[in-house]
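# Breakdown of the fold
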Amino acid sequence: MCKRICFSLVMGVLLVSLVSVDSFSQEKFPSQPIRIVATHAAGGTTDVPIRVFQPFAQKALGVPVVIENMVGGGGNTARAFVFKQKPDGYTLLGTKQPSMSGGEIVQGGKFESLKFVAVFNIAGKNYNCLAVPYDSPLKTLDDLKKASASKPLITAGPGIGTNAYMFAMLLKRYVGINVEYVPFDSGADAALALAGGKTQIGVGNLENYWPLHEQKKARILATAGPERDETHRQFPTVVEQGYPQVSLDEMTGLFAPPGLPKDRLEILIKGFTKAAAEPEFKAAALKANLTLLPLAGDDYYKASKAMHESVKGMEDILKAGVSK
Amino acid sequence: MWLEGFAIALQGINILHLVMGTLIGLLVGAMPGLGPMFGVSLMLPLTFGMPAATAIIFLSAVHASTAYGDSIASILINTPGGVGSVASCWDGYPMAQQGKAGTALGISSTSSFMGGIIGWVSLMVISPLLILLALKMGPPEYFLVAIVALSLLAMASKGKTLVGLALGGIGLLLAFIGGDPITSSSRFTFGTEYLEDGLPLVPVALGLFALSQAFVLAEQGGTIAQIRSIGRIRDGLLETFRHFTTVIRGGIAGIILGVMPALGISSASIMAYLVEKRVSKNPETFGTGNPRGLIAPEVAKNCCIIADLIPTFTLGIPGSSVTALFIAALTIHGLQPGVKFFQESGALPYAVFAGILLAQISFFVIGLLLARYFARAVLIPNALIVPMIVFLSTIGSFAMRNRVEDILVTILFGYLGYLLHKKDYPAICIVLGLVLGDITEANFHRAYLIGRRSYAIFVSSSISIVLISITLLSITGPYLYRLIRKMKKRVKM
């Protein structure tokens, strides 16, 4: 009990000190902790790059950088929350593109992806893949196409509007594989359903399917990126099998609410660029299997905008895949 | 290899982290609303600089002891420490009121420890078999598991069957608030972004149980323990050993529900409680301080959190959001969980598993040592404990997602819980409906799509048939039993 009282007192003192810091030191930036609101749970593919980056960002900026996981709505809860925050540089959004644009366009998220200020992109190339149960007779894209001619193939994937969902819809339109998309609560749940033979196709992050492929429970047929994945070069892309339109790149980075003053943006970019150049950060990223893609300010905005436009171009296909 | 593994796990630095992890876990766990997920994600960044074995041992200790610590607040102040310990309130708190808080904590420590050991042995010995079961389970089977649980709803209603069913229905309706899990279209959100993700379970449970309890205690005055005693911790230990079959049943519920990635500790502990009540000859004593009503959910909860690790180590994919953090910790240290984990990493995997076992022992020993001091909370005057419950439940509600709206939900359900308490209606049923609603609806819709819009999918596997039979038996069982007894009597006459 005593411990609990002590803990409460410490919490109280912390809160009071935070409030006083807030009211007395506004001039120098940054002078308070910076909060990164991540769209997905701790330990996920959105969270890990930010977590690996965090200690280095903290060191470069000279203030604590705190990660907060605001899970919900496939990432839209956090995006809508940060969109409305004061643009003072102390609250940033950690999210993936193009899933942010997907969340806005397909699910009608209450934010505008292109109005966010693009601050710094950390990682990229976390590709999705297409897999079938290990003992499935369908072994190529053509097999899938033929098999789906009479009735759609049941396809497991994580949520509507996610990158995996977009990949499934691209396969439907450009490769001609007729899919019936069944959304699961997570990529892992979808991968397990496929490995158990409950669905005919599975789409999702390579990391979810690779262990199952290794154990001969699933067979990865192709990846979604514009080029082969660096860590799994054995898997061909859909692009190299003759479908250049089916290419889905990914980025994980940081955005600020609309209206962030230019001077603060520059300070953040300078700090993050310095952090990303640290050899120790690069080593940590390599160990965690991350492919780095440092992009700052305008460059990041351009890349994000290109992804947004490609999602916008697919709006009709993406919306058509939602089962009723 | 095992010896080597234990030798690594027992190095000074690892033991230090084990104890530290246990103490941190107990502290986080005892805070209302903050469960293993919160504890492990809070500690994850700290492990980046540690050696791999130390990191995993530290996280295992935090994980196990947060789950155990969750029950402390449930038992002492009727405030669920996390989603997994809602069921521990139902018989734990009445025990505390009867002056047996220490005994209840003894039961909780011993049962949690036994749950952990059953889980660990399963992880070591039968995980390949269990994983086959997990792979056989798909949306139709998950839907039917939820239906089995719903069929037990009447059991949770303390003799007020109709009211219980109605409240369960309200819980189900509340579960439908938010985005449709399949079509993603919004329902009953009144245009607010807050409700898009549905009503959050922890703030609702904190309101219904903790805050409402604060109102009741404030009215009562005095202390939580109605007699000035906390009972003997040793009695709790012995009581648990005396109900060995309850431990086994709880363990089975924990393993089976834990190994299925779509179900977690909240369903495991509640299911274990309901099953125990169902098989009991005196179901009316549940909810009034029956030790079996505390043993079953406690065993199931800690067993489930270890069983969650089975898909992680056998398939390399997470069994729950907490084990996703374990995977993150392993990958950040350059280790790849999955079948090759044992083949490629030398003695390290053995150290990791030894660490998981030591984590169970650590929280058991430290928990028993501290139980006496924790239990004294029930002797503190309500005038002091009530503001503390209000403060802690508000903090707990907010800390999960850092949203002020969650506190409003807690207050609203606190008031509702208070009204239900006044009428002696079972608030548990609302929580059950809320927990099961999501699983039921999403998996029904998923199964329907997988079955190409035919209901035949629900009877297409042997597991489904077994689950349907269990549901039918659980509903008609008591009537059949009475009928058979009557017939026997007649034959005798």
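Residues numbered from 1 in each chain as written. Chains lettered and ligands numbered in written order. Predicted model: local features only at pLDDT ≥ 70, side-chain atom pairs only at ≥ 80, totals over all residues. Heavy atoms only, no water.

### So, the sheet that holds strand E4 (residues 117-124) of chain A
Residues and elements named next belong to chain A. Taken together, the 6 strands give an open sheet; going across it, the order is E2-E1-E3-E10-E4-E11, and neighbouring strands pair in mixed fashion. For this open sheet the edge positions go to strand E2 (65-69) and strand E11 (291-296), each flanked by a neighbour on one side alone. For this sheet, the mean angle separating the axes of adjacent strands, direction not counted, is 25°. As paired strands, strand E1 (residues 34-38) and E2 are joined by 5 bridges and run parallel to one another. Bridge pairing in E2 links Val37 to Glu68. Contacts from helix H3 (residues 76-83) reach E1 and strand E3 (91-97) within the one sheet, and its direction differs from that of E3 by about 140°. Packing against the sheet, helix H9 (residues 262-277) makes contact with E1, E3, E4, strand E10 (251-256) and E11, and its axis sits at approximately 10° to E4. (Pairing = 2+ DSSP bridges. Helix = DSSP H or I, 4+ residues; strand = E, 2+ residues; numbered from the N terminus. Axes fitted to C-alpha atoms, helices over the stretch in contact; angles between N-to-C directions. Contact = heavy atoms within 4.5 Å.)

### Brief notes about the interface of chain A and chain B
With 55 residues of chain A in contact, the opposing surface of chain B contributes 59 residues. Overall, the association of chain A and chain B removes approximately 4,800 Å² of surface from exposure, summing both partners, and the carbon and sulfur fraction of that is 63%. For Asp185(A), the salt bridge is made with Arg446(B), and the minimal N-O distance between the two is 3.0 Å. In this assembly, chain A and chain B are joined by 6 residue pairs in polar contact (both at pLDDT 80 or more). Put simply, the parts of the chain that give the side of chain A that touches chain B at least two residues each are helix H1 (2-24), helix H2 (47-61), H3, strand E6 (153-158), strand E7 (179-184), helix H7 (187-195) and helix H8 (206-214) of chain A. The class makeup of the residues in the side of chain A that touches chain B is 26 nonpolar, 14 polar and 15 charged. (Buried area = accessible area lost by both parts, 1.4 Å probe. Salt bridge = Lys/Arg side-chain N within 4 Å of Asp/Glu carboxyl O. Polar contact = N/O pair within 3.5 Å; in protein donor to acceptor, adjacent residues only side chain to side chain. Nonpolar A, V, L, I, M, F, W, Y, C, P; charged D, E, K, R; others polar.)

### What to know about the sheet that holds E7(A)
Across a sheet, strands are paired by hydrogen bonds formed along the backbone, either parallel or antiparallel in direction. All names here are of chain A. Pairing within the open sheet is mixed, and its 5 strands lie in the order E7-E6-E8-E5-E9. Where the open sheet ends on each side, the last strands, each with one partner, are E7 and strand E9 (218-223). This sheet shows a mean twist of 30° between the axes of neighbouring strands, independent of strand direction. Alignment of strand E5 (residues 128-133) against strand E8 (residues 201-205), held across 4 bridges, turns out to be antiparallel.

### A look at the pattern of salt bridges
Side-chain pairing between opposite charges can occur once the charged atoms of the two side chains come close. As enumerated under the stated definition, the model contains 22 salt bridges over all chains in all. A salt bridge links Arg453(B) to Glu180(A); the shortest N-O distance between them is 2.7 Å. Remark: Glu180(A) occurs in strand E7 and Arg453(B) occurs in the loop between helix H21 (428-450) and helix H22 (462-492); the pair is interchain, linking two chains. Residue Arg453(B) is classed as partly exposed on the basis of its relative accessible area, which comes to 38%. The exposure class of Glu180(A) is buried, given its relative accessible area of 13%. With a closest N to O distance of 3.5 Å, Glu239(B) and Arg242(B) form a salt bridge. Placement of the pair is Glu239(B) and Arg242(B) together in helix H11 (residues 233-242), with a separation of 3 residues, close to one helical turn. Glu239(B) gets classed as buried once you look at its relative accessible area, which sits at 17%. Residues participating in the shared-partner salt-bridge network are Asp180(B), Arg187(B) and Glu441(B). (Buried < 20%, exposed > 50% of the residue type's maximum accessible area, 1.4 Å probe, protein only.)

### Section: the packing of aromatic side chains
Following the criterion strictly, the structure yields 24 aromatic pairs over all chains and no others. Ring pairing ties together the aromatic residues Phe53(A), Phe56(A), Phe120(A), Phe272(A) and Phe281(A), which thus form one cluster. Across from the ring centre of Tyr134(A), 4.7 Å away, lies the NZ or CZ of Arg219(A), which sits over that ring. Over the ring of Phe184(A) we find Arg446(B), and its NZ or CZ is 4.9 Å from the ring centre. (Phe/Tyr/Trp six-rings, centres within 6.5 Å; stacked < 30°, edge-to-face > 60°. Lys NZ or Arg CZ within 6 Å of the ring centre and 35° of its normal.)

### A look at the nonpolar core
Counting residues in hydrophobic clusters, the biggest one holds 154 residues, and the most contacted among them are Phe53(A), Val119(A), Leu268(A), Phe272(A), Trp90(B), Leu208(B) and Phe209(B). Counting contributing residues, this core receives three or more from each of domain 1 (34-125 + 250-316) and domain 2 (128-248) of chain A. With residues up to four places along the chain from it excluded, the contact list for Leu208(B) reads Phe413(B), Gly414(B), Leu416(B), Gly417(B), Leu420(B), Ala427(B), Ile430(B) and Val431(B). (Core = buried A, V, L, I, M, F, W, Y, C linked by side-chain atoms within 4.5 Å. Domains from an automatic or database assignment.)

### Quick word on H11(B)
Residues and elements named next belong to chain B. Regarding H11, the residues found buried are Ile233, Gly236, Glu239 and Thr240. Around the axis of H11, the buried residues are gathered within 110° of arc, so they sit on the same side. What points out from H11, more than 90 degrees from its buried face, is the exposed set Arg234 and Arg242. Contacts made by the buried residues of H11 are with helix H6 (101-125), helix H12 (244-259), helix H14 (291-307) and helix H18 (348-375). (Arc of directions from axis to C-beta.)

### Quick look at a nonpolar patch on the surface
Residue and element names in this part refer to chain B. Taken together, the side chains of Val121, Val125, Ile126, Leu129 and Leu132 make up a nonpolar region of the molecular surface, amounting to roughly 460 Å² of accessible area. Of all the elements in the fold, those that place two or more residues in the nonpolar patch are H6 and helix H7 (127-136). With respect to the secondary-structure elements, Ile126 resides in the loop between H6 and H7. The exposure class assigned to Ile126 is partly exposed, which follows from its relative accessible area of 34%. (Patch = residues over 30% accessible without salt bridge, like charges linked within 9 Å, V, L, I, M, F, W, Y side chains within 5 Å. Areas by Shrake-Rupley, 256 points an atom, 1.4 Å probe, with all protein chains shown as cover.)

### Concerning the side chain of Arg264(A)
Residue and element names in this part refer to chain A. Among the structural elements, Arg264 can be located in helix H9. Of the side chains bearing the opposite charge, Asp263 lies closest to the buried Arg264, which forms no salt bridge; the N-O distance is 5.2 Å. Only 2.7 Å separates the side chain of Arg264 from the backbone oxygen of Asp88, close enough to count as a polar contact. (Lys, Arg positive; Asp, Glu negative; His and termini not counted.)

### Focus on the environment of Met20(B)
Within the secondary structure, Met20(B) is located in helix H2 (residues 12-30). Exposure remark for Met20(B): the relative accessible area of 36% places this residue in the partly exposed category.

### Some details on the pairing of E2(A)
Counted residue by residue, E2(A) has 4 buried out of 5 residues, so it is predominantly covered. As a crossover connection, the stretch from E1(A) through H2(A) into E2(A) is right-handed. (Right-handed = clockwise from strand over helix to strand, strands pointing away.)

### Details of a positive patch on the surface
A cluster of like positive charges, contributed by Arg482(B), Arg485(B), Lys486(B), Lys488(B), Lys489(B), Arg490(B) and Lys492(B), occupies part of the molecular surface. Within the fold, Arg490(B) resides in helix H22. (Charge placed at Lys NZ, Arg CZ, Asp CG, Glu CD.)

### Describing the domain arrangement of chain A
All names here are of chain A. On domain assignment, one finds that chain A holds domain 1 (34-125 + 250-316) and domain 2 (128-248). One C-alpha centre belongs to domain 1, the other to domain 2, and the line joining them spans 27 Å. Taken together, the contact pairs 16 residues of domain 1 with 15 residues of domain 2. With both chains or domains summed, domain 1 and domain 2 bury close to 1,200 Å², and 51% of this area falls on carbon and sulfur atoms. Linking domain 1 to domain 2 there are 1 salt bridge. Ionic pairing is found between Arg173 and Asp316, a salt bridge with its closest N-O pair at 3.0 Å. The interface formed by domain 1 and domain 2 holds 4 residue pairs in polar contact (both at pLDDT 80 or more) in total.

### A look at the confidence of the model for chain B
Residues and elements named next belong to chain B. Of the residues in chain B, 97% reach a pLDDT of 70 or more, and the chain-wide mean stands at 86. Within chain B, the lowest mean pLDDT, 66, falls on helix H17 (residues 340-344), and the highest, 94, falls on helix H20 (residues 404-423). Of the two predicted TM-score estimates for the complex, the pTM is 0.83 and the ipTM is 0.82. (pLDDT = per-residue confidence, 0-100.)

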